[in-house]
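# Tertiary structure, described
Given next are the chains, with one letter for each unit.
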Amino acid sequence: MKNILIPTDFSANAWKATVYAFSLFQNELCNFYFLNACKPEFYTPDINGNSLAQAKSENEISMKKLLKEVAIINKNQNHRFKSIIIESWLDDAVIEIQKEIIFDLIIMGTKGETEPDDRIFGTNSMNVIESVDHMPVLLIPDNCVYVPEVKKELVLATRYDKSFSDYEINFLIDMAKKFKASIRILYIQDTENLTEEQKNTKEELHDYFKEVSHSFHTLTNIKVTKGIHSFIESRNSDVLVLNHKKRGFFENLFSKSLLKELGKKPQIPMLFMPSDL
């Protein structure tokens, strides 16, 4: 049975990510854990007199409401639902609870209720991606809807500069099957030729994915960020996978100018693989 963690601030974006998760795992036994983190800043009453106790009480009410709504829309006998409310920042809360529960995946919306409209990725999603190195994170943009029984395309962006663990390969194959997707391995060439190590990694990927529909693609004379998004846009791909998640990587990949550009276009789910597995 899989354990899926869904952080929530009870926003519309978080709800859409929840519905997406139910559809993606509709045929599997799953425990869905809904996590709400009460920010430490509430320890000190603000100008409106709000306190941590009040915030936690309100969130407990919202969590009960969420679970009722979940029970109404999800009658899947394969699914179980649990809730957790922690007095902490979200990224710290995720790190803390994984000491007791082994999660297979985090699924969350790209931004929360209080994020400005012109901001594509919220503070919580960025913090989780940057801080939680031990499990994959799947970000679901606000306008994404999972469409079953439709062949999809999963783009794995890689520099061939790291070996893939059995965990990563098995996880990606499993996700490709869930999405009913072909895997397109994308390399943005920044040197004239691949090193021997890169060639070996590429050959390993070919062997690993031999039972999955896959192909290799190379783009030249283009910046990594623009190359990735040009490729996805031109092919109308469905999911972007980034296999090297580390501190600073998220901000480097998505520059402010690119974020502004992306805000005008439809978004696709992004799967960030852990860096230490």
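Our subject is the structure that appears above.
Residues numbered from 1 in each chain as written. Predicted model: local features only at pLDDT ≥ 70, side-chain atom pairs only at ≥ 80, totals over all residues. Heavy atoms only, no water.

### Considerations on the pattern of salt bridges
Rule in force here: Think of a salt bridge as a Lys or Arg side-chain nitrogen and an Asp or Glu carboxyl oxygen that are within 4 Å of each other. We count a stretch as a helix when DSSP gives it H or I for four or more residues in a row; a strand needs E for two or more, and each element gets its number in order from the N terminus. Type-normalised accessible area, obtained with a 1.4 Å probe on protein chains alone, sets the label of each residue: buried when under 20%, exposed when over 50%, and partly exposed for intermediate values.
A full pass over the atoms with the stated rule returns 11 salt bridges. In this structure, Glu153 and Arg235 form a salt bridge, with 2.8 Å as the shortest nitrogen-oxygen distance. Separated by 82 residues along the polypeptide, Glu153 in strand E6 (residues 152–157) and Arg235 in helix H7 (residues 224–235) bring together distant segments of the chain. Given a relative accessible area of 10%, Glu153 falls into the buried group. Arg235 gets classed as partly exposed once you look at its relative accessible area, which sits at 34%. Among the salt bridges present, the one from Asp174 reaches Lys178, with a minimum N-O distance of 2.3 Å.

### Section: a nonpolar patch on the surface
Rules: Patch membership needs two things, relative accessible area over 30% and no salt bridge, and members are linked within 9 Å if like-charged or within 5 Å if nonpolar (Val, Leu, Ile, Met, Phe, Trp, Tyr). Note that accessible areas follow from Shrake-Rupley with a 1.4 Å probe, and for residues the cover is restricted to the protein chains shown.
Together, Val19, Ile72 and Ile73 line one region of the surface with nonpolar side chains, adding up to about 270 Å² of accessible area. The residue Val19 is located in helix H1 (residues 12–24) in this model. Using a relative accessible area of 32% as the deciding quantity, one classes Val19 as partly exposed.

### Quick word on the sheet that holds strand E9 (residues 239–242)
Basically, it comes down to this: Here a strand pair is declared whenever DSSP counts at least two bridges between the two strands. For every element, the axis is a line fit to its C-alpha atoms; helices are fit only across the contacting stretch, and the angle between N-to-C directions ranges from 0 to 180 degrees.
Spatially, the 10 strands line up as an open sheet ordered E3-E2-E1-E4-E5-E10-E9-E6-E7-E8, and their pairing is mixed. Strands at the two margins of the open sheet, each flanked by one partner only, are strand E3 (79–87) and strand E8 (214–219). Each strand axis lies, on average, 25° off the axis of its neighbour in the sheet, ignoring direction. Looking at chain direction, strand E2 (residues 30–38) and E3 are connected through 9 bridges and run parallel.

### A closer look at the packing of aromatic side chains
For any pair of aromatic rings, the description consists of the separation of the ring centres together with the inter-plane angle of the planes. Note the cut-off: A pair of aromatic rings is counted whenever rings of Phe, Tyr or Trp (Trp by its six-membered ring) have centres within 6.5 Å, and the orientation is called stacked for planes under 30 degrees apart, edge-to-face for over 60 and tilted otherwise.
In this structure the tally under the stated criterion is 9 aromatic pairs. Here Tyr20 and Tyr146 contribute two aromatic rings whose centre-to-centre distance is 5.6 Å and whose plane-to-plane angle is 80°, an arrangement assigned as edge-to-face. In this pair, Tyr20 is assigned in helix H1 and Tyr146 in the loop between strand E5 (137–140) and E6, connecting sequence segments 126 residues apart. The exposure classification of Tyr20 matches that of Tyr146, with both residues buried. Here Tyr33 and Phe103 contribute two aromatic rings whose centre-to-centre distance is 5.3 Å and whose plane-to-plane angle is 90°, an arrangement assigned as edge-to-face.

### Considering the side chain of Ser11
The cut-off we apply is this: Pairs of N or O atoms within 3.5 Å make up the polar contacts considered here, provided that, within protein, one atom can donate a hydrogen while the other can accept it, and that residues adjacent in sequence are counted only when both atoms are side-chain atoms.
By secondary structure assignment, the location of Ser11 is in the loop between strand E1 (2–7) and H1. Its relative accessible area of 4% is what places Ser11 among the buried residues. In terms of polar contacts, Ser11 uses its side chain to reach the side chain of Asp9, at 2.6 Å.

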